[in-house]
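Secondary and tertiary structure notes
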Amino acid sequence: TTLFRSIDLFLGSWNTTLVKQDDGVVILETPIGSHFTEGILAEAKRRYPNARVKAVLSTSDSWPHVGGIRFDVAQGLPVYILDLNEPLLDRMMAAPHALDPDALETAKRAPQWKVVAGKTELGTGANRMVLIPLRGASTERQYMVYFPERKLLYASDTLVVNADHTIYDPELTFEVEQAVEREHLNVETVFAMHQGPVAWADVVAMLGKAG
């Protein structure tokens with residue numbers, strides 16, 4: 001699914017997104033595991049053969065979100081992680097994989113963490129991104145990604161719309177709404193790890209009914 005020019009969303013059980021910026025490609029989530037992540041990197045090279053992968057964004061600490069990070073680190077890619085998640089991810093990177101060696105076990109590289117402790121800008125131009133920690137009671141280990149020029153928000157692991165047009169976990173989404181108001185963001189469309197694009201106004205309306 002093409003959200004905007006050079007923002008390509010791959011829908012599945014765990015969504016991933018390729019974002020082409022002026023100086024390279026950003027991969028928004030490398031979930032599930034190494035083989036899946038290897039496929040994402042191959043797709044980035046296929047679509048943008050003359051552009052380097054400049055960064056990976058990993059927005060949550062839950063296992064499916066971080067399943068591909070060891071592969072990212074093995075490739076020497078900078079990975080943007082939330083400050084609270086660094087100790088957990090350090091342990092994951094240091095864990096031995098001797099019985100079934102993976103790419104990082106072979107490469108033995110130190111991670112290039114880009115630690116998100118506050119609002120962090122990434123890139124320039126139409127697909128510029130701002131990484132913003134949520135800091136909510138239930139979302140303290142997640143950050144969201146805002147595309148100012150697109151009025152587009154990626155809400156990490158906080159939004160699933162049920163078939164009956166209700167929100168699966170209103171508390172998580174409410175904390176996103178609080179963060180949007182706190183940061184004075186102008187959002188028209190939102191998507192998430194388990195949710196395709198939805199009009200933000202519809203999400204706010206669903207939250208109103210849930211409350």
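Here the structure is shown first, and the text comes after it.
Report follows, based on the coordinates.

Here the focus is the overall build of the chain. The helix and strand inventory of the chain stands at seven helices and 13 strands. The globule rule puts the C-alpha radius of gyration for 211 residues at 17 Å, and the 17 Å found for the chain is close to it. Relative to its 211 residues, the chain shows a buried fraction of 51%. Taking the intrachain contacts of the chain between residues at least 6 apart in sequence as the baseline, contacts between residues at least 24 apart amount to 61%. Just so you have it, the chain exposes about 9,800 Å², and 52% of that area is on carbon and sulfur atoms.

Along the chain, Ser138 turns up in the loop between strand S9 (129-133) and strand S10 (143-147). When the C-alpha positions of Ser138 and Thr158 are compared, they lie 9.4 Å apart, and in sequence the two are 20 residues distant. Ser138 has contacts with Glu171, Leu172 and Glu175, leaving out every residue within four places of it along the chain.

S10 sits mainly inside the fold: five of its five residues count as buried. Every second residue of S10 is oriented toward a common face, with Tyr143, Val145 and Phe147 on one face and Met144 and Tyr146 on the other, all of them buried. Bridge analysis of S10 against strand S11 (residues 152-154) gives three bridges, and the strand direction is antiparallel. Bridge pairing in S11 places Val145 opposite Tyr154. Connecting S10 to the antiparallel partner S11 that follows it, the hairpin turn spans four residues, and Lys151 within it adopts a positive phi of roughly 55 degrees.

Moving on: the sheet that holds strand S1 (residues 2-4). Read across the sheet, seven strands follow the order S1-S2-S3-S4-S5-S6-S7 without closing on themselves; strand pairing throughout is mixed. The sheet is open, and its two edges are formed by S1 and strand S7 (112-116), each paired on a single side. Going across the sheet, the axis of each strand differs from the next one's by a mean of 25 degrees, ignoring polarity. Where strand S5 (residues 53-57) lies against strand S6 (residues 78-82), two bridges are found, and the strand directions are parallel. Bridging from a neighbouring strand, Leu57 pairs with Tyr80 of S6. Strands S6 and S7 of the sheet are contacted by helix H4 (residues 86-94), whose axis makes an angle of about 165 degrees with S7.

Strands sit in the order S8-S9-S10-S11-S12-S13 across an open sheet of six strands; the sheet is mixed. With one partner strand each, in any of the chains shown, strand S8 (120-122) and strand S13 (195-199) form the two edges of the open sheet. When strand polarity is set aside, the average angle formed by the axes of neighbouring strands in this sheet is 20 degrees. Here S11 runs beside strand S12 (residues 189-192); their pairing, made up of three bridges, is parallel. In the sheet register, Tyr154 faces S12, and the bridge partner there is Phe191. Of the strands in this sheet, S9, S10 and S11 touch helix H6 (residues 170-182), which is tilted by about 50 degrees from S10. With respect to the sheet, helix H7 (residues 200-210) is in contact with S12 and S13, its orientation differing from that of S13 by roughly 90 degrees.

Turning our attention to unusual backbone geometry. The backbone of Lys151 sits at a positive phi, close to 55 degrees, despite the residue not being glycine. Mapped onto the elements of the fold, Lys151 is located in the loop between S10 and S11. Residue Lys151 is classed as partly exposed on the basis of its relative accessible area, which comes to 30%. Positive phi, close to 55 degrees, is recorded for Ser156, a residue that is not glycine. Structurally, Ser156 is set in the loop between S11 and H6.

Take the packing of H6 against H7 next. Direction vectors running N to C along H6 and H7 enclose 125 degrees, while the axes themselves pass 10 Å from each other. Judged by the angle between their axes, H6 and H7 are oblique. Regarding H6 and H7, the two cross each other, and that crossing is left-handed. Between H6 and H7, the contacting residues are Pro170, Thr173, Phe174, Val176, Glu177 and Val180 on the first element and Trp200, Val203, Val204, Leu207 and Ala210 on the second. For the contact of H6 with H7, the per-class residue count stands at nine nonpolar, one polar and one charged.

So, how was this worked out
- Residues numbered from 1 in each chain as written.
- Predicted model: local features only at pLDDT ≥ 70, side-chain atom pairs only at ≥ 80, totals over all residues.
- Heavy atoms only, no water.
- Helix = DSSP H or I, 4+ residues; strand = E, 2+ residues; numbered from the N terminus.
- Rg over C-alpha atoms; globule rule 2.2 N^0.38 Å.
- Buried < 20%, exposed > 50% of the residue type's maximum accessible area, 1.4 Å probe, protein only.
- Contact = heavy atoms within 4.5 Å.
- Areas by Shrake-Rupley, 256 points an atom, 1.4 Å probe, with all protein chains shown as cover.
- Pairing = 2+ DSSP bridges.
- Axes fitted to C-alpha atoms, helices over the stretch in contact; angles between N-to-C directions.
- Parallel < 35°, antiparallel > 145°, perpendicular 65-115°, else oblique.
- Left-handed = near helix turned anticlockwise from the far one by under 90°.
- Nonpolar A, V, L, I, M, F, W, Y, C, P; charged D, E, K, R; others polar.

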